[in-house]
Amino acid sequence: MGDYDTGSTGVGKLHISFAKREDLVELPIANNAQLINGYRAIKFNKQNTVGKSRIRNVKAHIAYEKNYQIFKRWRDKYPNAKGSNLKRLYEKISMENGVAVGTLSGKKYEYKWRDEKNV
């Protein structure tokens, strides 16, 4: 059996504080404004960061759709391309839209195109 003494370091040692809320020392926020390293504490505003990330995601999505339309146009021209012909086609598309060949052969481009064409 485990040793549950206060000085024990065995398996039974708990890492949960059983102190009452009133016994814990809390400093007011005014004292926390200046940290030990000299930097001021900055308040985290989740709404601003979410808004900025949504704007970035919208821009990234617009760029992705533009690149996908280029991919789709080429792939519709050559729907039966396989093997080395498909690799050459990926290289042509990559030169036009700047997306890596490995990315074009993945699920964001090739598999999406196949899903739309039911290939």
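What counts and how
- Residues numbered from 1 in each chain as written.
- Predicted model: local features only at pLDDT ≥ 70, side-chain atom pairs only at ≥ 80, totals over all residues.
- Heavy atoms only, no water.
- Buried < 20%, exposed > 50% of the residue type's maximum accessible area, 1.4 Å probe, protein only.
- Helix = DSSP H or I, 4+ residues; strand = E, 2+ residues; numbered from the N terminus.
- Arc of directions from axis to C-beta.
- Polar contact = N/O pair within 3.5 Å; in protein donor to acceptor, adjacent residues only side chain to side chain.
- Contact = heavy atoms within 4.5 Å.
- Phe/Tyr/Trp six-rings, centres within 6.5 Å; stacked < 30°, edge-to-face > 60°.
- Core = buried A, V, L, I, M, F, W, Y, C linked by side-chain atoms within 4.5 Å.
- Salt bridge = Lys/Arg side-chain N within 4 Å of Asp/Glu carboxyl O.
- pLDDT = per-residue confidence, 0-100.

Asks: Please give an account of helix H4 (residues 107-117) that cites residues and values.
Replies: All of the buried residues along H4 are Tyr-109, Glu-110 and Trp-113. All buried residues of H4 fall inside an arc of 85 degrees around its axis, so they share one side. With respect to the buried face of H4, the exposed residues turned more than 90 degrees away are Lys-107 and Asp-115. Trailing H4 by a residue or two, Asn-118 shows a phi angle of about 55 degrees, which is positive.

Asks: Quick one: what's the story with the side chain of Glu-110, residue by residue and with numbers?
Replies: For Glu-110, the position within the fold is in helix H4. One polar contact links Glu-110 to Arg-75, side chain to side chain, over a distance of 2.9 Å. Not counting residues within four places of it along the chain, the set of residues in contact with Glu-110 comprises Phe-71, Arg-75, Tyr-90, Leu-104 and Ser-105.

Asks: Break down the packing of aromatic side chains for me, citing the residues and quoting the values.
Replies: Evaluated as defined, the whole model comprises 7 aromatic pairs. Aromatic pair Phe-71 and Tyr-109: ring centres 5.7 Å apart, planes at 65 degrees, arrangement edge-to-face. Pair noted here: Phe-71 is in helix H1 (residues 46-77) and Tyr-109 is in helix H4, with a separation of 38 residues, a long-range link. Residue Phe-71 shares its accessibility class with Tyr-109, and that shared class is buried. Ring geometry for Trp-74 versus Tyr-78: centroids 6.4 Å apart, planes at 20 degrees, classification stacked. Since its relative accessible area comes to 40%, Tyr-78 is described here as partly exposed. Taken together, Tyr-64, Tyr-68, Phe-71, Tyr-90 and Tyr-109 form an aromatic cluster joined through their ring pairs.

Asks: Quick one: what's the story with the nonpolar core, residue by residue and with numbers?
Replies: Counting 14 residues, the largest nonpolar core has Tyr-68, Phe-71, Leu-89, Ile-93, Leu-104 and Tyr-109 as the members making the most contacts within it. Mapped by element, the contributors of at least two residues to this core are H1, helix H2 (84-97) and H4. Sorting elements by how many residues they give to this core places H1 first, with 5 residues. Not counting chain neighbours up to four residues away, the residues in contact with Tyr-109 comprise Tyr-64, Asn-67, Tyr-68, Phe-71, Val-99, Thr-103 and Leu-104.

Asks: Go over the pattern of salt bridges, please, and point to the residues and values.
Replies: Summed over all chains, the structure comprises 6 salt bridges. Two residues, Lys-117 and Asp-76, come together in a salt bridge whose shortest N-O distance is 3.4 Å. In this pair, Lys-117 is assigned in helix H4 and Asp-76 in helix H1, connecting sequence segments 41 residues apart. According to the relative accessible area criterion, Asp-76 is partly exposed, its value standing at 33%. The residue Glu-110 makes a salt bridge to Arg-114 at a minimum N-O spacing of 3.0 Å. Highlighted residues: Glu-110 and Arg-114, both in helix H4, separated by 4 residues, approximately one helical turn. Since its relative accessible area comes to 34%, Arg-114 is described here as partly exposed.

Asks: Which residues make up the confidence of the model for the protein chain, and what are the values?
Replies: Counting all residues, the mean pLDDT for the protein chain is 76, and 55% of those residues have values of 70 or more. Across the protein chain, H2 holds the top mean pLDDT of 94, while H1 sits lowest at 81.

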